Amino acid sequence: MKSKAPLLLMEQMVMLLVFALAAALCIQAFVKSDAISRTCEARDRAVVLCQNAAEAVRHSGGDFAAAAALLGADRHDQDSFSLDYDSQWNPAQDTMRYTLGVYRLDSGVAGLGKAEIWLRDEAEDVELLRMDVAWQEVSAHG
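Residues numbered from 1 in each chain as written. Predicted model: local features only at pLDDT ≥ 70, side-chain atom pairs only at ≥ 80, totals over all residues. Heavy atoms only, no water.

(A) Summary view of the packing of helix H1 (residues 5-59) against helix H2 (residues 64-71). In the contact formed by H1 and H2, the axes pass within 8 Å of each other and the chain directions differ by 135°. In terms of axis orientation, H1 runs oblique to H2. The element H1 and its partner H2 pack so that their crossing is right-handed. Residues Asn 52, Ala 53, Ala 56, Val 57 and His 59 of H1 form the contact with H2, whose participating residues are Phe 64, Ala 67, Leu 70 and Leu 71. Here the contact of H1 with H2 is composed, by residue class, of 7 nonpolar, 2 polar and no charged. (Axes fitted to C-alpha atoms, helices over the stretch in contact; angles between N-to-C directions. Helix = DSSP H or I, 4+ residues; strand = E, 2+ residues; numbered from the N terminus. Parallel < 35°, antiparallel > 145°, perpendicular 65-115°, else oblique. Left-handed = near helix turned anticlockwise from the far one by under 90°. Contact = heavy atoms within 4.5 Å. Nonpolar A, V, L, I, M, F, W, Y, C, P; charged D, E, K, R; others polar.)

(B) The arrangement of the nonpolar core in detail. Counting residues in hydrophobic clusters, the biggest one holds 25 residues, and the most contacted among them are Val 57, Phe 81, Trp 89, Leu 100, Val 102, Ile 117 and Leu 119. Broken down by secondary-structure element, the contributors of at least two residues to this core are H1, H2, strand S2 (80-85), strand S3 (98-105), strand S4 (112-121) and strand S5 (126-136). The element best represented in this core is H1, accounting for 8 residues. Non-local contacts of Leu 119, meaning those with residues more than four positions away in its chain, are made with Ala 46, Leu 49, Cys 50, Trp 89, Tyr 98, Thr 99, Leu 100, Glu 127, Leu 128 and Leu 129. (Core = buried A, V, L, I, M, F, W, Y, C linked by side-chain atoms within 4.5 Å. Buried < 20%, exposed > 50% of the residue type's maximum accessible area, 1.4 Å probe, protein only.)

(C) Layout of the pairing of S4. In terms of strand pairing, S3 meets S4 through 8 bridges, oriented antiparallel. Paired with Tyr 98 across the strands is Asp 121, a residue of S4. Counted along the chain from S3 to the antiparallel partner S4, the turn is 6 residues long, and its residue Gly 108 has a positive phi close to 80°. In this structure, S4 lies alongside S5, joined through 10 bridges in antiparallel fashion. (Pairing = 2+ DSSP bridges.)

(D) Layout of unusual backbone geometry. A positive phi is found at Trp 89, a non-glycine position, where the angle reads about 65°. The residue Trp 89 is located in the loop between S2 and S3 in this model. Positioned with a positive phi, Asp 125 is a non-glycine residue whose angle comes to about 55°. Structurally, Asp 125 is set in the loop between S4 and S5. What makes Asp 125 exposed here is its relative accessible area of 57%.

(E) Region of interest: the pattern of salt bridges. One pass over the full model with this rule turns up 10 salt bridges. Arg 45 serves as the salt-bridge partner of Glu 41, at 3.8 Å between the closest nitrogen and oxygen. Here the residue Glu 41 and the residue Arg 45 both occupy positions in helix H1, the gap between them amounting to 4 residues, near one helical turn. Looking at Glu 41, the relative accessible area reads 41%, which means it is partly exposed. Classification of Arg 45 by relative accessible area gives partly exposed; the value is 38%. Between Glu 116 and Arg 130 there is a salt bridge, and its shortest N-O distance comes to 2.8 Å. Note that Glu 116 is positioned in strand S4 and Arg 130 in strand S5, a separation of 14 residues in sequence. Residue classification places Arg 130 among the partly exposed residues on the basis of a relative accessible area of 40%. It is possible to trace a salt-bridge network through shared partners that takes in Glu 116, Glu 127 and Arg 130. (Salt bridge = Lys/Arg side-chain N within 4 Å of Asp/Glu carboxyl O.)

See below:
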(Lines give C-alpha, C1' and ligand atoms only; values in the text may rest on other atoms or scores of the structure.)
Protein backbone atom coordinates (compact mmCIF):
# COMPACT_ATOMS: atom_id res chain seq x y z
CA MET A 1 0.00 0.00 0.00
CA LYS A 2 1.36 3.45 -1.00
CA SER A 3 1.68 6.33 1.43
CA LYS A 4 -0.49 9.42 0.80
CA ALA A 5 1.93 11.78 2.57
CA PRO A 6 3.40 13.30 -0.65
CA LEU A 7 -0.11 14.07 -1.95
CA LEU A 8 -1.08 15.69 1.34
CA LEU A 9 2.12 17.75 1.33
CA MET A 10 1.46 18.92 -2.25
CA GLU A 11 -2.12 19.89 -1.35
CA GLN A 12 -0.91 21.93 1.63
CA MET A 13 1.68 23.72 -0.51
CA VAL A 14 -0.98 24.66 -3.07
CA MET A 15 -3.26 25.99 -0.32
CA LEU A 16 -0.37 27.97 1.16
CA LEU A 17 0.28 29.51 -2.26
CA VAL A 18 -3.40 30.46 -2.63
CA PHE A 19 -3.44 32.09 0.82
CA ALA A 20 -0.19 33.94 0.07
CA LEU A 21 -1.64 35.37 -3.15
CA ALA A 22 -4.84 36.40 -1.34
CA ALA A 23 -2.79 38.08 1.41
CA ALA A 24 -0.73 39.96 -1.19
CA LEU A 25 -3.90 41.26 -2.85
CA CYS A 26 -5.35 42.33 0.50
CA ILE A 27 -2.17 44.17 1.47
CA GLN A 28 -2.15 45.95 -1.89
CA ALA A 29 -5.80 46.98 -1.37
CA PHE A 30 -5.03 48.31 2.12
CA VAL A 31 -2.07 50.34 0.87
CA LYS A 32 -4.17 51.83 -1.95
CA SER A 33 -7.01 52.68 0.44
CA ASP A 34 -4.54 54.38 2.79
CA ALA A 35 -3.25 56.54 -0.07
CA ILE A 36 -6.80 57.46 -1.09
CA SER A 37 -7.64 58.29 2.52
CA ARG A 38 -4.64 60.61 2.82
CA THR A 39 -5.56 62.38 -0.41
CA CYS A 40 -9.16 62.87 0.74
CA GLU A 41 -8.00 64.16 4.12
CA ALA A 42 -5.71 66.68 2.40
CA ARG A 43 -8.55 67.88 0.17
CA ASP A 44 -10.91 68.19 3.14
CA ARG A 45 -8.33 70.28 4.99
CA ALA A 46 -7.76 72.36 1.84
CA VAL A 47 -11.48 73.11 1.60
CA VAL A 48 -11.66 74.23 5.23
CA LEU A 49 -8.54 76.41 5.01
CA CYS A 50 -9.67 78.02 1.73
CA GLN A 51 -13.12 78.69 3.18
CA ASN A 52 -11.51 80.29 6.23
CA ALA A 53 -9.38 82.48 3.96
CA ALA A 54 -12.44 83.45 1.91
CA GLU A 55 -14.35 84.40 5.05
CA ALA A 56 -11.38 86.41 6.34
CA VAL A 57 -11.15 88.35 3.06
CA ARG A 58 -14.89 88.97 3.00
CA HIS A 59 -14.95 89.98 6.68
CA SER A 60 -12.12 92.46 6.16
CA GLY A 61 -13.86 93.94 3.11
CA GLY A 62 -10.92 93.21 0.84
CA ASP A 63 -8.24 94.55 3.20
CA PHE A 64 -5.61 91.88 2.59
CA ALA A 65 -3.39 93.02 5.48
CA ALA A 66 -6.31 92.62 7.90
CA ALA A 67 -7.29 89.26 6.40
CA ALA A 68 -3.69 88.07 6.65
CA ALA A 69 -3.59 89.13 10.31
CA LEU A 70 -6.83 87.21 11.00
CA LEU A 71 -5.29 84.05 9.53
CA GLY A 72 -1.82 84.56 11.00
CA ALA A 73 -0.02 85.10 7.68
CA ASP A 74 3.31 86.86 7.90
CA ARG A 75 3.79 87.39 4.14
CA HIS A 76 1.30 89.86 2.68
CA ASP A 77 0.96 92.98 0.61
CA GLN A 78 -1.92 95.08 -0.68
CA ASP A 79 -3.09 92.52 -3.25
CA SER A 80 -2.03 89.12 -1.90
CA PHE A 81 -0.96 86.99 1.03
CA SER A 82 0.13 83.42 1.59
CA LEU A 83 0.57 80.93 4.41
CA ASP A 84 2.68 77.79 4.66
CA TYR A 85 1.77 74.61 6.53
CA ASP A 86 3.84 71.59 7.51
CA SER A 87 2.85 67.97 6.87
CA GLN A 88 0.65 67.98 9.99
CA TRP A 89 -1.20 71.12 8.80
CA ASN A 90 0.40 73.38 11.40
CA PRO A 91 1.55 76.85 10.33
CA ALA A 92 5.24 76.64 9.38
CA GLN A 93 8.02 78.71 7.89
CA ASP A 94 10.86 76.25 7.41
CA THR A 95 9.23 72.82 6.95
CA MET A 96 6.66 73.79 4.34
CA ARG A 97 4.49 71.07 2.77
CA TYR A 98 1.33 72.98 1.80
CA THR A 99 0.94 76.58 0.62
CA LEU A 100 -2.25 78.65 0.74
CA GLY A 101 -2.31 81.71 -1.49
CA VAL A 102 -4.81 84.54 -1.92
CA TYR A 103 -4.58 87.03 -4.83
CA ARG A 104 -6.79 89.95 -5.73
CA LEU A 105 -8.49 89.76 -9.13
CA ASP A 106 -10.14 92.46 -11.21
CA SER A 107 -13.88 91.80 -11.03
CA GLY A 108 -14.69 94.19 -13.87
CA VAL A 109 -17.62 95.56 -11.85
CA ALA A 110 -17.45 98.75 -9.82
CA GLY A 111 -18.03 98.11 -6.13
CA LEU A 112 -17.34 94.38 -6.38
CA GLY A 113 -14.08 92.96 -5.08
CA LYS A 114 -12.83 89.56 -6.16
CA ALA A 115 -9.94 87.29 -5.17
CA GLU A 116 -8.65 83.86 -6.04
CA ILE A 117 -7.70 81.39 -3.30
CA TRP A 118 -5.67 78.24 -3.86
CA LEU A 119 -3.94 75.58 -1.84
CA ARG A 120 -1.05 73.47 -3.18
CA ASP A 121 0.65 70.34 -1.95
CA GLU A 122 4.27 71.34 -2.61
CA ALA A 123 5.68 67.85 -1.95
CA GLU A 124 3.42 66.23 -4.56
CA ASP A 125 3.49 69.33 -6.81
CA VAL A 126 -0.29 69.29 -7.17
CA GLU A 127 -2.98 71.87 -6.59
CA LEU A 128 -5.56 70.61 -4.09
CA LEU A 129 -8.14 73.38 -4.46
CA ARG A 130 -8.75 76.67 -6.25
CA MET A 131 -11.75 78.92 -5.61
CA ASP A 132 -12.89 82.51 -6.05
CA VAL A 133 -14.36 84.80 -3.45
CA ALA A 134 -16.24 88.05 -4.03
CA TRP A 135 -17.37 90.82 -1.72
CA GLN A 136 -19.13 94.13 -1.95
CA GLU A 137 -16.78 97.03 -1.50
CA VAL A 138 -18.06 99.87 0.62
CA SER A 139 -17.05 103.34 -0.50
CA ALA A 140 -16.06 106.10 1.89
CA HIS A 141 -19.22 108.02 0.88
CA GLY A 142 -21.58 105.26 2.09
